Amino acid sequence: MIKTSVRQAIRDAMAEEMRRDSSIFLLGEDVGRFEGAYKVSRGLLREFGESRVIDSPITEHGFTGLGVGASMSGLRPIIEFMTFNFAMQAIDHIVNTAAKTLFMSGGNVRCPIVFRGPNGVPRGVAAQHSQCFASWYAHVPGLRVVAPYTSSEAKWLLKAAIRNDSPVIFLEHELLYSKEFPIPPKIEVMPLDQACIVREGTDITLATFSIGVEHAVKTAEILQAEHGISAEIINLISLRPIDSSTIIKSIQKTGRIISIEEGWPVCGIGSEIISIVCEKAFGYLDADPARICSADAPIPYAPNLEKAALPTVEKIVRTARKLCGQIR
Amino acid sequence: MRTEEALDLYRKMVEIRMFEEKAAELYTQGHIFGFCHLYTGQEAVIVGISQNFTSTDSVITSYRDHGHLLALGVEPRYVMAELCGKITGCSKGKGGSMHLYNRLRNFYGGNGIVGAQVSIGTGLAFAHKYKSDGGISFTFFGDGAANQGQVYESFNMAALWKLPALYILENNRYALATSAERSTVRNSLKKRGDPFGIRTICSDGMNLLEIIQKSREATNQVRERSEPVILNIDTYRYKGHSMSDPGTYRTRSEVETVRKSRDPIDNYGNVLQKDYGLSMKILETINDDAVEKMEIAAKFAIDSQFPKEENLRSDILI
């Protein structure tokens, strides 16, 4: 199989869908001539022209509302946020209108729209540009929230998101854009609401998403090679709805669970995963469930502090060994 | 205008007034609850402007939305049922007074967030241009919303991209309890389009014929030149911001003075008598018919069922 970067996969997904359906357009800051701040929309302006690949002013509140309005009347906008940090300016339109209109209108009006862009913590950009918004959006009924890890997930999930008639939050990660993964030339469909097992194991479950999968894979290799612990990795993919049956099945097998995310601990995705486990599979637990999150602090600039704030393989290995009774 | 057309406009205004009065009654009886924002006093605005709607145009407004949907021709009983939270309501009882929609008539709310409809309405205009369907968007907002930043983000994009958007600023004098004088620097609402090169056309909001004329001019410009225009309308709301507002920020006599001197329905009734030679009796008959129609709508709403509990989990995700 050919290897493709996550960046290229996202680009290809948009291009293929835009060729298929003329109601799809891309709107965001510098998505056209500059081809995106992270070069995700390379070549799209050339292929689709200025009417469909639109450089917006720096006006998140306004252009997000514009996108939501366009989606109500039958278009299928892809709104690119230069980063999800900037979507805070626009979150009213996402939460109060995009997510709620189908419900408030009794099924009358739909908002088929994708909000995408990098989310989470890149490196060295300090607190206002380093934050995971997964749990913010996962809290809201009426939204779908997905976070791909591989190129294949990025491509097929984005295509599914664009075709879906609900508003979809599509969380990318700056540090994954250049990573290359093998990508199958064609798969039939990628469900928007299913987790996948990245690696099977018997002793402990690592439940995570986005760049957390990378940490989990490295952790599992170390646990197996150096400590004789067999870790199962769940890539959640969908954070709303969350695929609880995959989590429960795994905990029934392993009896131990660690959630891993770049978000803060309070009311985070980890809180939700552990609630699911406690409510639905408490009897299967052999150890206290654990969360590995960002520290409960804004992300700092100094590299040593930043590292201390983030989930790391060392932290996960240590916690896994504790849960397995190897260390205290 | 032919007499029948002229009378029809009168009927539309009276029906909105009687609808709102009936809604106020049902509110005090407990059939309607929560927030209920009445349009009484402002009827001429929507009735006048709706004369320009075509079937491809789209419309959006704030939570003060009953009159807009009625002017689009939706049967009052479906609106009243929605106000009462009934399954027969136009949003199946899930939206309530503030969240009325009608996809068939391209009516997109009913938005409860002050100013949000301006960005969304700009998106409706964007869609008309994108699809080249010849339609334009009508975006209604108040003097309160006019101080939201996204309004100017929208004006900028609409002017930059030449979007067919008609922005209707319904200045009813009070942003909830804060008067336009206290919220808005030097009465600048009429100049808000200037920095963007967007033309503002002003109209007396209590004079139906003036609104019809001015909105025709505005609509023609938007449609023919595919560019935004602002219609600044000087109107007045008789009732509180919502039914739960006691109106302590203005005097009773201020409201009474406007009612007596500027009422849009009385004004237009006088025109009908003077210019069309219609008798008071004909107008009274229209009033009586409207009262009866709203009585029937109210009965339909009250007699309807609340949504079933299983409806709670539907219409959330597709």
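Source: prediction; values computed, not measured.

Visitor: Please give an account of unusual backbone geometry that cites residues and values.
Guide: Backbone phi values are negative for most residues with the exception of glycine, while trans is the configuration of most peptide bonds. A cis geometry characterises the amide bond from Arg240(A) onward to Pro241(A), with omega recorded as -10°. Within the fold, Pro241(A) resides in the loop between β12 (238-240) and α9 (244-254). The omega angle of the peptide bond from Gly109(B) to Gly110(B) is 15°, so this bond is cis rather than trans. Structurally, the position occupied by Gly110(B) is in strand β2 (residues 107-111). Located in the positive-phi region is Lys39(A), a residue other than glycine, with phi close to 60°.

Visitor: Lay out the domain arrangement of chain A with the relevant residues and their values.
Guide: All names here are of chain A. Once the domains are mapped, chain A shows domain 1 (3-182) and domain 2 (196-323). Between the C-alpha centres of domain 1 and domain 2 there is a distance of 26 Å. Facing 32 residues of domain 1, the contacting portion of domain 2 comprises 24 residues. Around 2200 Å² of area is buried between domain 1 and domain 2 when both sides are counted, 61% of it from carbon and sulfur atoms. For the pair domain 1 and domain 2, the interface holds one salt bridge.

Visitor: Before we move on, could you go through helix α10 (residues 269-281) of chain A and cite the residues and values that matter?
Guide: What sets the pattern is the α-helix's 3.6 residues per turn: residues three or four places apart point alike. The end-to-end C-alpha distance of α10(A) is 17 Å, a good match for the 18 Å that 13 residues give at a rise of 1.5 Å each. Those residues of α10(A) that are buried are in contact with α6 (134-138), β10 (204-208), β12, α9, β13 (257-260) and β14 (290-292) of chain A.

Visitor: Mind laying out the pattern of salt bridges, listing which residues take part and the relevant values?
Guide: Here the structure, examined in full by the defined rule, presents 37 salt bridges over all chains. Linking Arg42(A) and Glu35(A) is a salt bridge whose minimum nitrogen-to-oxygen distance equals 3.8 Å. Its salt-bridge partner being Arg223(B), residue Asp57(B) comes within 2.8 Å of it at the nearest N-O pair. Placement of the pair is Asp57(B) in the loop between α2 (43-49) and β1 (58-62) and Arg223(B) in helix α8 (residues 208-225), with a sequence separation of 166 residues. On the accessibility criterion, Asp57(B) (2% relative accessible area) is buried.

Visitor: Any details on empty space enclosed by the protein? Residues and values, ideally.
Guide: All names here are of chain A. In this structure the tally under the stated criterion is five cavities of 30 Å³ or more. Quantified by volume, the largest cavity comes out at close to 80 Å³. Considering the residues around the largest cavity, the lining is formed by 14 residues, among which Cys132, His173, Phe209, Ser210 and Glu262 are closest to the centre. Within the lining of the largest cavity, the residues separate by chemical class into six nonpolar, five polar and three charged.

Analysis parameters
- Residues numbered from 1 in each chain as written.
- Chains lettered and ligands numbered in written order.
- Predicted model: local features only at pLDDT ≥ 70, side-chain atom pairs only at ≥ 80, totals over all residues.
- Heavy atoms only, no water.
- Helix = DSSP H or I, 4+ residues; strand = E, 2+ residues; numbered from the N terminus.
- Domains from an automatic or database assignment.
- Contact = heavy atoms within 4.5 Å.
- Buried area = accessible area lost by both parts, 1.4 Å probe.
- Salt bridge = Lys/Arg side-chain N within 4 Å of Asp/Glu carboxyl O.
- Expected span 1.5 Å × (residues − 1).
- Buried < 20%, exposed > 50% of the residue type's maximum accessible area, 1.4 Å probe, protein only.
- 1 Å grid on protein atoms, 1.4 Å probe; cavity = no way out; pocket = protein on both sides within 12 Å on 5 of 7 lines; lining within 4 Å.
- Points joined across faces, edges and corners; volume = space filled by probe spheres on them.
- Nonpolar A, V, L, I, M, F, W, Y, C, P; charged D, E, K, R; others polar.

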